[in-house]
Amino acid sequence: MATWQDFEHEAPELALAVRARFEANRHHVLATLRADGSPRVSGIEVDFLGADLTLGSMRDARKARDLQRDPRFALHSTPSDETLAGGDSKLSGRAVEITDETELAAYAADLPEPPPGPFQAFRLELEQAVHTTVGDDHLWITSWRPGEPVRRIQRH
């Protein structure tokens, strides 16, 4: 697993493209696992705070309880339009709940707007990043895993 900052150091160009995709729109899609193992998808906002990519949730929301029980997640950026201008990004890994009161206060203070009520926050540890673009009549898939070189494949 890697922090966002680790990703930026290991794959700076890819991290920049992925970050741009997540910053282009406010809402994204988070996939978690329910208690029975089936998938749950939820709308989510993410924030880049310091070395970390983070997400917050209303206290005791189902997605937060899912992540407490099983921290595995997949996060999909909202595509800009049907042309995939700017690409399409996906991240996966494990969400680590921020429980230290000092860290939670710092998290809330760094947000563009304070949480409207009781909340939970998670730091996302990355296992994989994928950025897909369309160009030259091909689909380009660029991916990264911690400690591995960036891979780029072309699909027709």
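So, here is what we can say about the structure in this document. (Residues numbered from 1 in each chain as written. Predicted model: local features only at pLDDT ≥ 70, side-chain atom pairs only at ≥ 80, totals over all residues. Heavy atoms only, no water.)

Residues three or four positions apart in an α-helix share a direction because the helix packs 3.6 residues into each turn. Residues Lys-63, Ala-64, Asp-66 and Leu-67 constitute the buried set of helix H3 (residues 62-69). Taken down its axis, H3 places every buried residue within 155° of arc, on the same side. Buried residues belonging to H3 abut strand E1 (28-33), strand E2 (39-44), strand E4 (52-58), strand E5 (72-76), strand E6 (88-98) and strand E7 (119-135). (Buried < 20%, exposed > 50% of the residue type's maximum accessible area, 1.4 Å probe, protein only. Helix = DSSP H or I, 4+ residues; strand = E, 2+ residues; numbered from the N terminus. Arc of directions from axis to C-beta. Contact = heavy atoms within 4.5 Å.)

Okay, the packing of aromatic side chains next. All told, the structure shown has 4 aromatic pairs when counted by the stated rule. Each ring, one from Trp-4 and one from Phe-7, has its centre 5.0 Å from the other, and the planes form 90°; the classification is edge-to-face. Of this pair, Trp-4 and Phe-7 both sit in helix H1 (residues 4-10), 3 residues apart, which is roughly one turn of that helix. Assessed through its relative accessible area of 0%, Phe-7 is described here as buried. Of note, Arg-152 hangs over the ring of Trp-140, and the distance from its end group to the ring centre comes to 4.0 Å. (Phe/Tyr/Trp six-rings, centres within 6.5 Å; stacked < 30°, edge-to-face > 60°. Lys NZ or Arg CZ within 6 Å of the ring centre and 35° of its normal.)

E4 sits mainly inside the fold: 5 of its 7 residues count as buried. Two elements, strand E3 (residues 46-49) and E4, share 4 bridges in a ladder whose sense is antiparallel. Bridge pairing in E4 links Leu-49 to Asp-52. In this structure, the hairpin formed by E3 and E4 is closed by a connection of 2 residues, where Gly-50 is found at a positive phi of approximately 60°. (Pairing = 2+ DSSP bridges.)

With that settled, consider the side chain of Gln-120. One can find Gln-120 in strand E7. Using a relative accessible area of 4% as the deciding quantity, one classes Gln-120 as buried. Separated by 2.6 Å, the side chain of Gln-120 and the backbone nitrogen of Asp-60 make a polar contact. (Polar contact = N/O pair within 3.5 Å; in protein donor to acceptor, adjacent residues only side chain to side chain.)

What follows is about the side chain of His-131. Mapped onto the elements, His-131 comes out in strand E7. At 2.7 Å, the side chain of His-131 forms a polar contact with the side chain of Ser-89. Dropping the residues within four chain positions of it, His-131 is found in contact with Leu-14, Ala-17, Val-18, Gly-86, Gly-87, Asp-88, Ser-89, Trp-140, Ile-141 and Thr-142.

Across the chain, the bulk of peptide bonds are trans and the bulk of non-glycine residues have phi less than zero. Here Asp-136, not a glycine, exhibits a phi torsion of approximately 55°, which is positive. Following the sequence through the fold, Asp-136 ends up in the loop between E7 and strand E8 (138-144). A positive phi angle, near 60°, is found at Asp-137, a position not held by glycine. Checked against the element boundaries, Asp-137 lands in the loop between E7 and E8. On the accessibility criterion, Asp-137 (76% relative accessible area) is exposed.

Such coordinate-based values are descriptive only and should not be taken to indicate function.
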